[in-house]
Amino acid sequence: MDGLSRRYGTVVALDHLDLTLRPGELVALLGPSGCGKTTTLRLLAGLEDADTGSITVAGKDITRLPASKRDMGMVFQAYSLFPHMTVRDNVAFGLRLRRVSAAERGTRAMEMLELVGLSVQAARYPHQLSGGQQQRVALARALAIQPQVLLLDEPLSALDAKVRAQLRDQIRRIQLEVGITTLFVTHDQEEALAIADRVGVMREGRIEQLASPTEVYSRPATAFVADFVGLSNRLAGEVRGGEVTVRGRTLPLMQPDVPDGQVVALVRPEAVTMASHDEPEAGPLVGMVIAITFLGATSRVTVDLGDATIMAQLPTSDATTLAAGSRVALTIRPDPVLVSADAEAASPEAEEEA
Amino acid sequence: MAAITSVGETPLAAPDKRPVGMQGRRRRRLNLFRYAVFTVFGLFFLVPLLALARWSLEGAKLGSWSLTSWRQIASYSNEGIPPLISTVEITLELAVITSAVMLVLVVPTMIWIRLRVRWLARTMEFLCLLPLTIPAIVLVVGLGPIYNKIAHLSLSTLMLFWVYVILALPYAYRALAAGLNAIDATTLSEAARSLGASWFSVIVRVIMPNMWDAMLNALLLTSALVLGEFTIAFFLLYFNLQVELYSISRNTPNAGVIFSTSTASLLFAFVLLLILSFARRRRRGIPG
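Just so it is clear, the model here is predicted, and its values are computed rather than measured.

### Here's the deal with the domain arrangement of chain B
Residue and element names in this part refer to chain B.
Stage number 1. Each assigned domain of chain B is listed here: domain 1 (2–56) and domain 2 (83–285).
Stage number 2. Counting residues at the interface gives seven residues for domain 1, matched by eleven residues for domain 2.
Stage number 3. Across the side of domain 1 that touches domain 2, the residue classes tally to six nonpolar, one polar and no charged.

Following this line, the structure appears as C-alpha cells:
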C-alpha cells in the first residue's frame, strides 16, 4: 500500500500511509479507536475506496478492483456468518460462487473445518454455535477460497478473555501452517504483541512505528508508541553527555543524539525495582506506597515520591511484603530509555492496559 | 374487513406461591386488569365475527341451520353484475399479482438502499408511508382521469393491481423494514462480497433468504388489503369481491351469500396467518 489517503468529510482517516506486507508474514495494526487501522484494512479489502494512493498485491495494481474480485479472505468482528446456511454451506459459499463442483466443495469445506477443529459441527447453524466457534467458522470460510491475503478485523474483540487467548493462538498456528500473508487489526496490544511478526502502531492516520513486537516494546520510536504499548512512567530528567539522569540514577539513552537539557524520560514499570530490604532512608527514589494492584504473577505498585508518582512492576512475592502506607526504596534498572523534550500528548498517565 | 392481527399474548404470570403483601396485591390486581381488558376486547372483536358466521349458516326459517349460503358462493348470479365466483377468482388473482409486484419491486430496492445509498433511506420511508395519509377517495379523484383515458381499452379488473401496490406500500414497507433491521445486512453483504459475490448474489442469495418471514408478513398484509378493498374499485367502476358483495346487498338485502362470502374471506386470511406461523416455527427459530 502506497500513499493511501482517505477522508470522511473533514476527518482525515488515513494520511498518506505506506505499508508493505512480506509474503507469509502476519502484520498487526495496533492503535486507539479512530486511528485508521480498520480503514486501512477495508481499503485493502476493497470495501472502501481510497482518495489517493495505490494498492499492489503480488505486483498487480488492484486499486480500482471491486471487492468481489480481489481474492482476499476476510474475518469480521461479529455476525458475519450467513444465518440461513449450515456451517458447511457457509464455508463452501465462496467455492459455490466460483462454480466448484458440489463434491469438491464438500471435501474442501470439511478440510477447512478440520483445520479449525469444527468438523463435528458441520451440519449446525451459526446461531447454535458459541462466539468462538463462529469466528473459527468465519476463518475457515475465508481460507476456503485460498486467498492471497487474509484480513482480520478485530476478530477477537467480541469474545470473552479466555476464549480470546485460545483463539488468538489458534489463528496464529493456522496462519503459520497455511503460510498466508495476513493483516490483523486490533486495539488490544497483548494480542498484537503475542502473535504478530511485525506490529504497526498507528495514530491519526499514520503509522508511528512498524517493527517486531520486542522492538516496539523495548525500543519505542516515539513517545506515543511508548505510552500506548505497555505502561510508562514519565519522570523529569536531565540529559548530559549522551546520558540522562533521572532521580539520582544515570541511565543510557535510546537515541544517542539528544541534546543536553531538561527532558521527560519514559521509564517502564518493569525497570523499577525495590532497592533493598533495609530500612529505607530518604532519597529521590524513596516514597510511600499508595496502591498495589494485583495482576497475577506480578503486581503493580504505585509509590508517591513526594513530587512525582512512580509505578513499579514487581513480582507478587516481593509486593506482598509491602502495604499501603509503608515506605519503600526503589531503584531503576539501567535499560535504555526514551526521552521526549516536551510533555508530548500521548494519553496521560495511561492506566489502561488492554 | 378487519385484518386479523396476531393474537395478543397476555403475559400471564403463573406464580406457584401467591406473593403476599403489597407487591402481591398489586400483581393480582394487574392480572385481573389484564384478564378483564383481554376479555372485553376479545368479545368486542369476536362477537360480530361469530354473529356473521352464524348468519351465514342460517336457513330459510329463523333459528335453523343450513349450508345454502355457502353453496351459493359458487352458483350465485344476478342481473347486471358478474357472477360471484368470477369476482372471487379475480380478487384472488389481484391479491397474488399485487403481492408479487410488491415483493419484486420493494425488496431489492430496500436492500439496495440499505447497502449502497443509505442517504435515500429517509426519502424512501417517506414515500412508502405517504399512501397511508391519503384517503382512498382522494386517490380515486386523482386516478379517475387516468382510468377514464384507458377505459376504452376495456381492460380487466386486474389492471387495478397498480393502485393496490401503492395502497399496500406502507404496510408491506413496514413489515419488510422490520425484517431488514433484524439482520446486520451490511456485515453480511461485506462478507459475501469479500468471498466474491456480485451484488445480485448478495441480494438474492444472502439477504433475501434471511427476510423470508418479513416477506411472508408483507404478503399477508397485502393480500388482506386487496381482499377487503372497496372504495377505489367501486369508484373506478370495476367489479372486485367487495364491490360485488355491495351490489348484491343493494339488490337483495340480507342475501345469505354475502355473509358466507365475507366469512370465507376472513377464514382465508386466517389460514394465511396460520401458514405464516407454521412457516416461522419450522425455521428453527431463526430470528427475522
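### Regarding the packing of helix H2 (residues 87–97) of chain A against helix H3 (residues 102–115) of chain A
Residues and elements named next belong to chain A.
Stage number 1. Where H2 meets H3, the axes come as close as 9 Å, and the angle between the chain directions of the two elements is 120°. Looking at the two axes, H2 sits oblique to H3. Between H2 and H3 the crossing geometry is right-handed. On H3, the residues that touch Val-87, Arg-88, Val-91, Ala-92, Leu-95 and Arg-96 of H2 are Arg-105, Gly-106, Arg-108, Ala-109, Met-112 and Leu-113.
Stage number 2. For the contact of H2 with H3, the residue count by class is seven nonpolar, one polar and four charged.

### Examining the nonpolar core
Stage number 1. Residues A:Ala265, B:Ala168, B:Ala172 and B:Leu176 are the most contacted members of the largest nonpolar core, which totals 154 residues.
Stage number 2. At twelve residues, helix H6 (residues 161–181) of chain B tops the list of elements feeding residues into this core.
Stage number 3. Each residue touching B:Ala168, except ones within four places of it in the same chain, is listed here: B:Thr98, B:Met102, B:Leu221, B:Thr222 and B:Leu225.

### What to know about helix H5 (residues 161–178) of chain A
All names here are of chain A.
Stage number 1. Along its 18 residues, H5 runs 26 Å from first to last C-alpha, staying within 8% of the 26 Å computed at 1.5 Å per residue.
Stage number 2. For H5, the full list of buried residues reads Arg-164, Leu-167, Arg-168, Ile-171, Ile-174 and Gln-175. Projected down its long axis, H5 shows its buried positions confined to an angular sector of 135°, all on one face. Across from the buried face of H5, at angles greater than 90 degrees, the exposed residues are Lys-162, Asp-169, Arg-173 and Glu-177.
Stage number 3. In this structure, the buried residues of H5 make contact with strand S3 (26–30), H3, helix H4 (131–144), strand S8 (149–153), strand S9 (181–186) and helix H6 (189–195).
Stage number 4. At the C-terminal side of H5, Gly-179 shows a positive phi close to 75°.

### Remarks on the interface of chain A and chain B
Many analyses report the size of an interface as the accessible area lost when the parts associate.
Stage number 1. Residue-level contacts link 20 residues of chain A with 17 residues of chain B.
Stage number 2. Within the residue set of the side of chain A that touches chain B, elements represented by two or more residues are strand S7 (72–75) and H2 of chain A.
Stage number 3. Grouping the constituent residues of the side of chain A that touches chain B by class yields 13 nonpolar, six polar and one charged.

### As for the pairing of strand S10 (residues 198–203) of chain A
All names here are of chain A.
Stage number 1. Within S10, five of the six residues are buried, leaving the element largely enclosed by the surrounding structure.
Stage number 2. Inspection of the sheet shows S3 paired to S10 by four bridges, in the parallel sense. Bridge assignment links Val-27 to a residue of S10, and that residue is Arg-198.
Stage number 3. Looking at chain direction, S10 and strand S11 (residues 206–211) are connected through five bridges and run antiparallel. Looking at S11, one finds that Met-202 is bridged to Ile-207.
Stage number 4. The turn joining S10 and S11, which pair antiparallel and follow one another in sequence, is formed by two residues; a positive phi near 50° is taken by Glu-204.

The rules behind each value
Residues numbered from 1 in each chain as written. Chains lettered and ligands numbered in written order. Predicted model: local features only at pLDDT ≥ 70, side-chain atom pairs only at ≥ 80, totals over all residues. Domains from an automatic or database assignment. Contact = placed C-beta atoms within 7 Å. Nonpolar A, V, L, I, M, F, W, Y, C, P; charged D, E, K, R; others polar. Axes fitted to C-alpha atoms, helices over the stretch in contact; angles between N-to-C directions. Helix = DSSP H or I, 4+ residues; strand = E, 2+ residues; numbered from the N terminus. Parallel < 35°, antiparallel > 145°, perpendicular 65-115°, else oblique. Left-handed = near helix turned anticlockwise from the far one by under 90°. Core = buried A, V, L, I, M, F, W, Y, C linked by C-beta atoms within 7 Å. Buried ≥ 20, exposed ≤ 12 C-beta atoms within 10 Å, placed from the backbone. Expected span 1.5 Å × (residues − 1). Arc of directions from axis to C-beta. Pairing = 2+ DSSP bridges.

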